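# Remarks on the overall topology
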Amino acid sequence: MTTNCDTRAAKARILDAALPLVPFNGWGHATWEGAVKESGLDIREARRVFPRTSLDLALEYEATLDREMVRKLEESASELESLRFRDRVVYAVRTRFELADREVLRKSTASFALPHHAAPGAHALWKTADTIWNALNDTSRDVNWYTKRMLLSGILASTNLFWIGDDSQGRSETWEFLDRRIEDVMRIERGKARLRDLPGYQAFMAGPGRILQSISAPPGVSPPDLPGFMPEDSSKS
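### As for the packing of aromatic side chains
One pass over the full model with this rule turns up seven aromatic pairs. Ring centres of Phe-97 and Trp-163 lie 5.4 Å apart, and the angle between their planes is 50°; this geometry places the pair in the tilted category. Taken together, the positions of Phe-97 in helix 7 (residues 85-99) and Trp-163 in helix 10 (residues 143-163) put the pair 66 residues apart, joining distant regions of the chain. Judged by its relative accessible area of 4%, Phe-97 is buried. Both rings, one in Phe-162 and one in Phe-177, keep their centres 4.6 Å apart while their planes meet at 20°; by these two values the pair is stacked. Placement of the pair is Phe-162 in helix 10 and Phe-177 in helix 11 (residues 172-195), with a sequence separation of 15 residues. Owing to a relative accessible area of 28%, Phe-162 belongs among the partly exposed residues under this scheme. One aromatic cluster in this structure is built from Trp-126, Trp-145 and Tyr-146. Above the plane of the ring of Trp-133 lies Lys-148, whose end atom (NZ or CZ) is 5.2 Å from the centre.

What counts, and where the lines are drawn
- Residues numbered from 1 in each chain as written.
- Predicted model: local features only at pLDDT ≥ 70, side-chain atom pairs only at ≥ 80, totals over all residues.
- Heavy atoms only, no water.
- Phe/Tyr/Trp six-rings, centres within 6.5 Å; stacked < 30°, edge-to-face > 60°.
- Helix = DSSP H or I, 4+ residues; strand = E, 2+ residues; numbered from the N terminus.
- Buried < 20%, exposed > 50% of the residue type's maximum accessible area, 1.4 Å probe, protein only.
- Lys NZ or Arg CZ within 6 Å of the ring centre and 35° of its normal.

By themselves, these are just geometric observations and shouldn't be taken as functional.
As C-alpha cells, this is what we get:
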C-alpha cells in the first residue's frame with residue numbers, strides 16, 4: 001500500500017531532478033523524461049504521482065514554493081505581528097518570489113500561458129493567493145473572502161511578469177512595483193469603507209444588495225471548483 005509519505009517522497013525526487021533541466025528545456029517532455037530517468041524511479045511510479053507528467057511537475061513546483069513560503073512566514077511570525085497588515089501581505093508576496101528560481105519561474109510563466117495549460121495555471125495562482133491569506137490568518141468568510149483572493153491573484157500575476165524581467169539591484173524595482181500594487185488595493189478597500197457611509201447604502205443592502213450577504217467562503221479547504229480547476233485526467237501535457 002502506497003502512503004502519502006511515499007507519494008511526497010517520489011514527487012520530491014522527480015522535482016529535484018527536473019529543476020536543473022527546466023531553464024534549458026522548459027516544463028516539456030524532455031524535462032519529464034530526463035527527470036524520471038535521473039530520479040531512478042520506475043516510469044509507472046512516476047506516472048502514478050504525476051498523471052499529467054510535465055504539467056503536474058510544474059504544478060508541484062508551485063505547490064512546493066507555497067509550502068516553503070508558509071514555513072518561512074511561520075518562522076517570522078513575531079516579526080510579522082509588528083507590521084501593518086498591508087506590509088504583512090507585501091512580506092508574504094515578496095517571500096514567495098524570493099524562494100523561486102527566476103529562470104524556472106520564467107519557464108513556468110511561459111508554460112501556463114499556453115491555452116491548454118491556462119486553466120490549471122489560473123488554479124495554481126488562486127491557490128497561492130489563498131495560501132497567503134490563510135497564512136496571514138484572514139478571518140473573512142463573506143464575499144470579501146473571494147474579492148481578497150481575486151485582487152491578490154492579480155497582484156501576484158502582474159508582479160510575476162515584472163519580476164522575471166527585472167535586472168535592478170536586489171530586484172528593487174520589483175518591490176517598488178509590488179508596493180504600488182498593494183497601495184492600489186488599499187485604495188479600493190478604503191473606497192469600500194466609505195461606501196458604507198453614503199446615503200442609501202443601508203437601503204441598497206436591504207434590497208438588491210442582500211444577495212451579497214448570501215455569499216460565503218467555502219467550508220474547510222478550498223474546493224476544486226474554484227477558478228482554474230481542471231480534473232487530472234482531462235488534460236495531457
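Here the narrative resumes, following the displayed structure.
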